[in-house]
Protein chains: 4
Amino acid sequence: MTNDNEWNELQNTLHRYVEGSKKETARGRVASYIPELAKAPHDALGISLMNGDGQTLMAGDCELRFTMQSISKVFTFILALMDRGEDAVFAKVGKEPTGDDFNSMLKLELVEPGIPFNPFINAGAIAITSMIAGRDADEKAERILQFLRRVSGNSGLAVKDEVYRSEYETAHRNRSLAYFLKDNGVLEDDVDRILDVYFRHCAVEVTCSDVAKMALVLAYGGVDPISGERLIPRRFVQITKTFMITCGMYNASGAFAIEVGLPAKSGVSGGILTLVPGRYGIGVVGPALNRKGNSVAGVHVLQQLSEHFDWSLF
Amino acid sequence: MTNDNEWNELQNTLHRYVEGSKKETARGRVASYIPELAKAPHDALGISLMNGDGQTLMAGDCELRFTMQSISKVFTFILALMDRGEDAVFAKVGKEPTGDDFNSMLKLELVEPGIPFNPFINAGAIAITSMIAGRDADEKAERILQFLRRVSGNSGLAVKDEVYRSEYETAHRNRSLAYFLKDNGVLEDDVDRILDVYFRHCAVEVTCSDVAKMALVLAYGGVDPISGERLIPRRFVQITKTFMITCGMYNASGAFAIEVGLPAKSGVSGGILTLVPGRYGIGVVGPALNRKGNSVAGVHVLQQLSEHFDWSLF
Amino acid sequence: MTNDNEWNELQNTLHRYVEGSKKETARGRVASYIPELAKAPHDALGISLMNGDGQTLMAGDCELRFTMQSISKVFTFILALMDRGEDAVFAKVGKEPTGDDFNSMLKLELVEPGIPFNPFINAGAIAITSMIAGRDADEKAERILQFLRRVSGNSGLAVKDEVYRSEYETAHRNRSLAYFLKDNGVLEDDVDRILDVYFRHCAVEVTCSDVAKMALVLAYGGVDPISGERLIPRRFVQITKTFMITCGMYNASGAFAIEVGLPAKSGVSGGILTLVPGRYGIGVVGPALNRKGNSVAGVHVLQQLSEHFDWSLF
Amino acid sequence: MTNDNEWNELQNTLHRYVEGSKKETARGRVASYIPELAKAPHDALGISLMNGDGQTLMAGDCELRFTMQSISKVFTFILALMDRGEDAVFAKVGKEPTGDDFNSMLKLELVEPGIPFNPFINAGAIAITSMIAGRDADEKAERILQFLRRVSGNSGLAVKDEVYRSEYETAHRNRSLAYFLKDNGVLEDDVDRILDVYFRHCAVEVTCSDVAKMALVLAYGGVDPISGERLIPRRFVQITKTFMITCGMYNASGAFAIEVGLPAKSGVSGGILTLVPGRYGIGVVGPALNRKGNSVAGVHVLQQLSEHFDWSLF
């Protein structure tokens, strides 16, 4: 199928895919550890696809606004690479999936030298946040926000304050992780300052289309295909996409690689950023999560699409 | 670069790549847990590439014969899928990398339901071996051997008896794994019979070119590009290549995916099977291993080639 | 209260204590992993106390015959000390409680040098069995049996064959433990031979009174107070009683030390061997087990008695 | 030997025991994670014994002042029992040794319900500190200090400010533990406030004789034998002494129970509080620690004394 034919078919059928996957939401649960997240509509499912010509397809609850949560880790990781370089970043985080829960501390205690296994588990993402350049928390957070605005092309992106505050105040487990890292010599900055920045970038509010646009830049190797501007060095995109395959969907990443086969990153708000290399950026939202913490209907619709259109990288 | 140009350049430079990586062998150690393995030449490095026209490039110590060891797990996994189907296989092994050592038992004890996380760690490979069809150990082992001969196109492939016997007799840790699996209800057959088959397929002796040919079939989605014959269903190749990315290089798979970006499977004898999808099957041997158990010079030469020829899937 | 008064009070009230604790059996479950154990009466509770004059008090289901199971580990440990000496024994097993399940393998993998933490967890008891002197399994098993007969004063003690065979055949987890130990260099002998001996001593059939008599010898520091004969060196009894406090009741040993405060060893058949130093040997049986694997009513009656008669060592 | 004879012999020989054990200090290392602790004299060893008549024997470096560190956990545990009662305390901490390092977080993550296994590991002691009655950190800390003064009979006991501040500021791992507990619902109060109190009681400065006097009260079941005043309910002393046997010497408690056989609690400053029930309170200091974190010479001298005078409880 040519890409044009595929686009046409997508245009005609995307709504049906979303309809077909929507009932899957019944098998999941909306995250409820903070009130703001618990308010998300349980049965929502939305998807947005953008191609290199800047055309966008949308289906389902695409107007739903949600916070990026762990999806933001993709871009703090890239920004840390751009700020510090590969060597500095990989001195503090590893390159391996863990097989453990995203907030597990087992390997920090059991495996020398006690650095996070990868940048996408919570421990790794906190270490990455600490590496973002900036004089203070405000400047770091602002630089991340500017980067997200630039990649998404949406200068209106902003931190959702209620979510940021609520997470910051209840984040005992992340504080525990951060102090463990501090003790292991992984963090140079003050824990509270790092978590302040961390929860701000997790709380940036987006829609599926914002996510699709961000993904599009990754799908085109770091170049915004619409403006033609290079936003990210190609090698950093390559590294990031690799992590998105091996570690992007928490400890269901292996299954997602087999069943969908696309680089992806999910967040606890039910968002998924994924992409078909050289073709599409994709944003999905479906707040009901499966036991592994991924959007249950979001994974389902991606699996259906990938199988039908033969999108797997493998 | 067209594929033809690439092939020409490979032809002219492959020897230089091997020469350049050979000194890396000094940083590794040959496996010595059985005498047969310890005899392997420490400073050897060989590579064989085969393209879809059946042309072969060789460089370095390509005449070196070695036992497949964990490389055989790729094909027992495929054969189990062909014998039993996806559902039966994934009832007994998971789809996730572990972050633990290849012979670790931690997750079997700690993570419900106590099945191996994936088919390439030892526990998973033993479970897979138990699923191979056959009335008894001899028939199972024979069916595996026939499958390996068919995929490699080498009807002379055979089990190296000294290695098989030696491993079978000293395999306390694998016996421990197998009995744990038996206790968890993962294995239906008798442990000794399963391990008998397991050590026989690990001990099949090959050269780089045999491995390259096997990899070529995977690179062409299960079809032998020379004969045009389909040997493996495409979906099973897709699943297998995905596992080769997420779990193929022990718990250095994540790093290999970032640094090389190709589906691969290594063995303790220093062999690596890898492939460039749609283009080449590749066999590498370099008995000196790094701390993660992969051929130190083999990984190095693949990293150099992948970077220069831009082979990464990502 | 003088010991005489205590004995009189015990004589008058022991039946009432047993009656009072019997209903606790409803909160437990009889072990059912082999058919022979599952046949034990769920609501039974029996206790036998013997004092230094050889007088015995019995109450409840004292006629019930049961296999020693883990209670036998007390005496194989002592026999190994007598056969090999302290240094040899503690080269292969440690002196620490684990906090893990009795059949856990976590610390064997995680904690150098991979020897069992103590002689009463399964891994430790298997290592201990391998140290019993004897040309072959038969002689080792016979020496253990003779030792048990001697300490119990019951020359009729014998292995219950159905239990031994049944355990031997279904012991996948213990085989897994044993092969792990073999791999770690803890076991010198053949795994099957060691487990053969192990399951034989676990299957020695006794009554409460046999256990009370064995305990009495420990209560008197290794001397049979009736014959006056020293059966065990005092130092080995001291070491053993210490382990009975820190590790005797699986990973409920700490709670038992607080609530009862006596050296004790339990078995999966519902037996408990315990003692009041210098005064009584005590045997208890109550097949219904709590979640930690100890006789639920047996622990209850001992707690009541210890509290009333102020028996805690602490 | 009568107690009088023993006292006379102790009087004549205690110096020799200390001299004999002093060279063991060469095998240990002084804790150095904060500068104040690192200043302690490496080769010091002191011991103080007090009997029920208030007589004191001293030998070695008894004038050495040191901070209580983990020894204080004995008395915060008792005070929490007195403030809250057994049920409330054991709702938040368990009764079992862990087999893990004193600051390990493994079992908090792996074992339901995620409460500390016992009150003497760091996690447990932090939970205990949070249960001390008091309107705020100052009042809690003051109540603990008053209790320590009362039990030691030394109204001059005070917090060593440099140690308290230094520990408070560098306590990343303890903060990590505390936030993990907070996340598990074990701590009700604010983490910083709890740690403030925690580090203050750890930093109370004492001598061997202060410790011996505190131990004496435990040796006499909670009654100060000199004044005849009951300071602690007997049951709480019994519970505490049991924990001192099973968990008092970090994860060398099992070995200490076998080799010395007395209830004891050690601290990272090299102090040990121990006791011979009904006879002596004992304070030891020797800043050079073995790998398990206990005073290397302190353990040695206690082992020698216990063996010679047959002090083991077992």
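Residues numbered from 1 in each chain as written. Chains lettered and ligands numbered in written order. Predicted model: local features only at pLDDT ≥ 70, side-chain atom pairs only at ≥ 80, totals over all residues. Heavy atoms only, no water.

Chemist: It is not clear to me how the relation of the copies chain A and chain B should be interpreted in this structure. Could you clarify?
Modeler: Each of the two chain copies goes to the other by way of a rotation about an axis and a shift along it. Note on the identical chains: chain A maps onto chain B by a rotation of 180° and an axial translation of 0.0 Å, with an RMSD of 0.0 Å. Put plainly, the chains are arranged around a two-fold axis. (Least-squares fit on C-alpha atoms with pLDDT ≥ 70 in both.)

Chemist: I keep staring at the domain arrangement of chain A and nothing clicks. Help me out?
Modeler: One widely used convention gives an interface's size as the accessible area the parts lose upon coming together. Residues and elements named next belong to chain A. Taken as a whole, chain A is organised into domain 1 (3–69 + 205–309) and domain 2 (89–202). Computed from C-alpha coordinates alone, the two centres of domain 1 and domain 2 are separated by 22 Å. With 26 residues of domain 1 at the interface, the matching set in domain 2 holds 29 residues. Between domain 1 and domain 2, roughly 2300 Å² of surface is buried when both sides are summed, and carbon and sulfur atoms account for 65% of that area. The largest share of the area that domain 1 buries against domain 2 comes from Glu-36, Glu-205 and Phe-243, three residues that together contribute 24% of it. At the boundary of domain 1 with domain 2, the tally comes to two salt bridges. A salt bridge links Glu-205 to Lys-160; the shortest N-O distance between them is 3.5 Å. On inspection of domain 1 and its partner domain 2, the count reaches eight residue pairs in polar contact (both at pLDDT 80 or more). Going through the elements one at a time, helix H2 (35–38), strand E6 (204–206), helix H11 (208–219) and helix H12 (234–247) are the ones with two or more residues in the side of domain 1 that touches domain 2. The element that contributes the greatest number of residues to the side of domain 1 that touches domain 2 is H12, accounting for six residues. Counted by class, the side of domain 1 that touches domain 2 contains 14 nonpolar, six polar and six charged residues. (Domains from an automatic or database assignment. Contact = heavy atoms within 4.5 Å. Buried area = accessible area lost by both parts, 1.4 Å probe. Salt bridge = Lys/Arg side-chain N within 4 Å of Asp/Glu carboxyl O. Polar contact = N/O pair within 3.5 Å; in protein donor to acceptor, adjacent residues only side chain to side chain. Helix = DSSP H or I, 4+ residues; strand = E, 2+ residues; numbered from the N terminus. Nonpolar A, V, L, I, M, F, W, Y, C, P; charged D, E, K, R; others polar.)

Chemist: What exactly am I supposed to notice about the environment of Leu64(C) here?
Modeler: Residues and elements named next belong to chain C. Secondary-structure assignment places Leu-64 in the loop between strand E3 (56–60) and strand E4 (66–67). The class of Leu-64 is buried, set by a relative accessible area of 15%. On a C-alpha basis, the gap between Leu-64 and Cys-208 in space is 7.7 Å, while along the polypeptide they are 144 residues apart. The contact partners of Leu-64, leaving out residues within four places of it in the chain, are Pro-41, Ala-44, Val-206, Thr-207, Val-285 and Pro-287. (Buried < 20%, exposed > 50% of the residue type's maximum accessible area, 1.4 Å probe, protein only.)

Chemist: When you look at the interface of chain C and chain B in this model, what are you seeing that I'm missing?
Modeler: Between chain C and chain B, the contact holds 13 residues from the first and 13 residues from the second. Both faces combined, the contact of chain C with chain B buries some 1500 Å², and carbon together with sulfur accounts for 63% of it. Contact with chain B buries surface across chain C, with Glu109(C), His172(C) and Tyr179(C) losing the most and accounting together for 37% of the total. Taken together, chain C and chain B are joined by four salt bridges. Between the two partners, chain C and chain B, sit five residue pairs in polar contact (both at pLDDT 80 or more). Sorting the residues of the side of chain C that touches chain B by element identifies helix H5 (106–110) and helix H9 (172–183) of chain C as the ones contributing at least two each. Considering each element in turn, the side of chain C that touches chain B owes the most residues, eight residues, to H9(C).

Chemist: I'm lost on the nonpolar core in this one. Help?
Modeler: Generally speaking, soluble globular proteins have nonpolar side chains that are buried together. Phe75(A), Leu218(A), Phe75(D) and Leu218(D) are the most contacted members of the largest nonpolar core, which totals 162 residues. Counting residues in hydrophobic clusters, the runner-up holds 161 residues, among them Cys62(B), Leu195(B), Leu81(C) and Ile144(C). (Core = buried A, V, L, I, M, F, W, Y, C linked by side-chain atoms within 4.5 Å.)

Chemist: Explanation requested: unusual backbone geometry in the structure shown.
Modeler: Note: most residues except glycine have negative phi, and most peptide bonds are trans. The omega angle of the peptide bond from Glu112(A) to Pro113(A) is 5°, so this bond is cis rather than trans. Of note, Pro113(A) is situated in the loop between helix H5 (106–110) and helix H6 (122–129). Positive phi values are uncommon outside glycine, yet Tyr250(B) reaches one of about 55°. Tracing the sequence through the fold places Tyr250(B) in the loop between helix H12 (234–247) and helix H13 (253–259). Tyr250(B) gets classed as buried once you look at its relative accessible area, which sits at 11%. Positive phi is not limited to glycine here, since Gln69(C) has a value of about 50°. Mapped onto the elements of the fold, Gln69(C) is located in the loop between E4 and helix H3 (72–84). Residue Gln69(C) is classed as buried on the basis of its relative accessible area, which comes to 3%.

Chemist: Would you mind showing me how to read the pattern of salt bridges here?
Modeler: Pairing between side chains of opposite charge can happen when their charged atoms approach one another. Residues and elements named next belong to chain B. Tallying each qualifying case throughout the model produces 92 salt bridges over all chains. The shortest N-O distance in the salt bridge between Arg-200 and Asp-138 comes to 2.9 Å. With Arg-200 in helix H10 (residues 191–202) and Asp-138 in helix H7 (residues 137–152), the pair connects residues that are 62 residues apart, well separated along the chain. By relative accessible area, Arg-200 is classed as buried at 16%.

Chemist: Hey, could you run me through the relation of the copies chain C and chain B in this one?
Modeler: Mapping chain C onto chain B is achieved by rotating through 180° and translating by 0.0 Å along the same axis, at an RMSD of 0.0 Å. Most of the interface of chain C is mirrored in chain B, where 100% of its interface residues are also at the interface.

Chemist: Is there a simple way to think about the interface of chain A and chain B in this case?
Modeler: With 29 residues of chain A at the contact, the number on the chain B side is 29 residues. In total, about 2500 Å² of surface goes out of reach between chain A and chain B, with carbon and sulfur atoms giving 59% of it. If you sort the residues of chain A by the area they bury against chain B, Glu96(A), Ile258(A) and Phe314(A) come out on top, with a joint share of 29%. With its nearest N and O atoms 3.2 Å apart, the salt bridge here joins Asp100(B) to Lys107(A). Summed over the shared surface of chain A and chain B, the result is 19 residue pairs in polar contact (both at pLDDT 80 or more). At the level of secondary structure, the elements contributing two or more residues to the side of chain A that touches chain B comprise H12 and helix H13 (253–259) of chain A. For the side of chain A that touches chain B, the element with the most residues is H12(A), which contributes nine residues. Residues belonging to the side of chain A that touches chain B are distributed by class as follows: 11 nonpolar, nine polar and nine charged.

Chemist: What should I look at first to understand the sheet that holds strand E5 (residues 158–159) of chain D in this one?
Modeler: In any sheet, the strands associate via hydrogen bonds between backbone groups, in a parallel or an antiparallel arrangement. As summarised here, the arrangement of the three strands in space is E4-E6-E5 (chain D), forming an open sheet in which the pairing is antiparallel. Of all strands in the sheet, those bounded by a partner on one side alone are strand E4 (66–67) and E5 of chain D. (Pairing = 2+ DSSP bridges.)

Chemist: Sorry, what's going on with the UniProt feature "binding site: substrate" (unreviewed entry) in chain A here?
Modeler: Residue and element names in this part refer to chain A. UniProt tags Ser-70, Asn-122, Glu-167, Asn-174, Tyr-198, Tyr-250 and Val-268 as "binding site: substrate" (unreviewed entry). Counting through the fold element by element, Asn-122 comes out in helix H6. Setting aside its immediate chain neighbours within four residues, Asn-122 contacts Lys-73, Phe-102, Asn-103, Asn-174, Leu-177 and Tyr-198. Reaching out from Asn-122, the side chain makes a polar contact with the side chain of Lys-73 at a distance of 2.8 Å. For Asn-174, the location among the structural elements is in helix H9 (residues 172–183). A relative accessible area of 12% means that Asn-174 is categorised as buried. (UniProt positions renumbered as here; feature names shortened; annotations may be inferred.)

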